Amino acid sequence: MKKIYRLSLLTICFLLSMTALTSCEFDTSPEPDYPKYVTYTISVGHTSYSGPDAFLSDIMTWVKDNQVIYDTPANYTTGAPSEFTQQDAEAVQKYNAFVPKVKAYFEEMRGKLNNKVYGDSPKVNGTFYVFVTRGQGQGRDLKSETITFVYP
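Scoring rules and cut-offs
- Residues numbered from 1 in each chain as written.
- Predicted model: local features only at pLDDT ≥ 70, side-chain atom pairs only at ≥ 80, totals over all residues.
- Heavy atoms only, no water.
- Salt bridge = Lys/Arg side-chain N within 4 Å of Asp/Glu carboxyl O.
- Helix = DSSP H or I, 4+ residues; strand = E, 2+ residues; numbered from the N terminus.
- Buried < 20%, exposed > 50% of the residue type's maximum accessible area, 1.4 Å probe, protein only.
- Contact = heavy atoms within 4.5 Å.

Student: Would you mind going over the pattern of salt bridges with me for this structure?
Tutor: Under the criterion given, the structure shown has three salt bridges. The shortest N-O distance in the salt bridge between Glu-145 and Lys-103 comes to 2.9 Å. Taken together, the residues Glu-145 in strand E4 (residues 141-151) and Lys-103 in helix H3 (residues 85-114) connect sequence positions 42 residues apart. Using a relative accessible area of 40% as the deciding quantity, one classes Lys-103 as partly exposed.

Pasting the structure below:
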């Protein structure tokens, strides 16, 4: 009797699960429109450098900690630069506020070189660039500036 009870219970569970699987209705409605986003990067890079490795490493650590990367909503279809006018203007404003921070940091690093933090007579010659780029669309490079750092 226990065997028949278990077998009938197992059969009922199986039939219920098959009914649940075959009677599912899948939502085939189109996905709702979500706002599109555009990514901006405001950072510093270098094209040439000679000098103490620790000096460059400290600069790149500061860059990693202080660069600005953010997403902002944007409605675009073709990716033409004109579709990002407002977002680009905001990014350039943030870039304009970032450049003085970079220059102040380089002056701080010049002070460290004067205080012999990187050795007795370090020589540094580097070309750095501060930039703002848009991650999507055409004409992604918005603005940049080259900073030459020479010591002594």
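Having seen the structure, we can now continue with the description.
Student: Hey, could you run me through the environment of Tyr-151 in this one?
Tutor: Checked against the element boundaries, Tyr-151 lands in strand E4. Exposure remark for Tyr-151: the relative accessible area of 15% places this residue in the buried category. Sequence-wise, Tyr-151 and Val-124 are 27 residues apart; in three dimensions their C-alpha atoms are separated by 4.9 Å. Non-local contacts of Tyr-151, meaning those with residues more than four positions away in its chain, are made with Arg-110, Leu-113, Asn-114, Pro-122, Lys-123 and Val-124.

Student: Please clarify how the environment of Phe-106 should be interpreted in this entry.
Tutor: Secondary-structure assignment places Phe-106 in helix H3. As a C-alpha pair, Phe-106 and Phe-149 span 43 residues in sequence and 7.9 Å in three-dimensional space. Not counting the four nearest positions on each side in its chain, Phe-106 is found in contact with Ile-59, Phe-128, Ile-147 and Phe-149.

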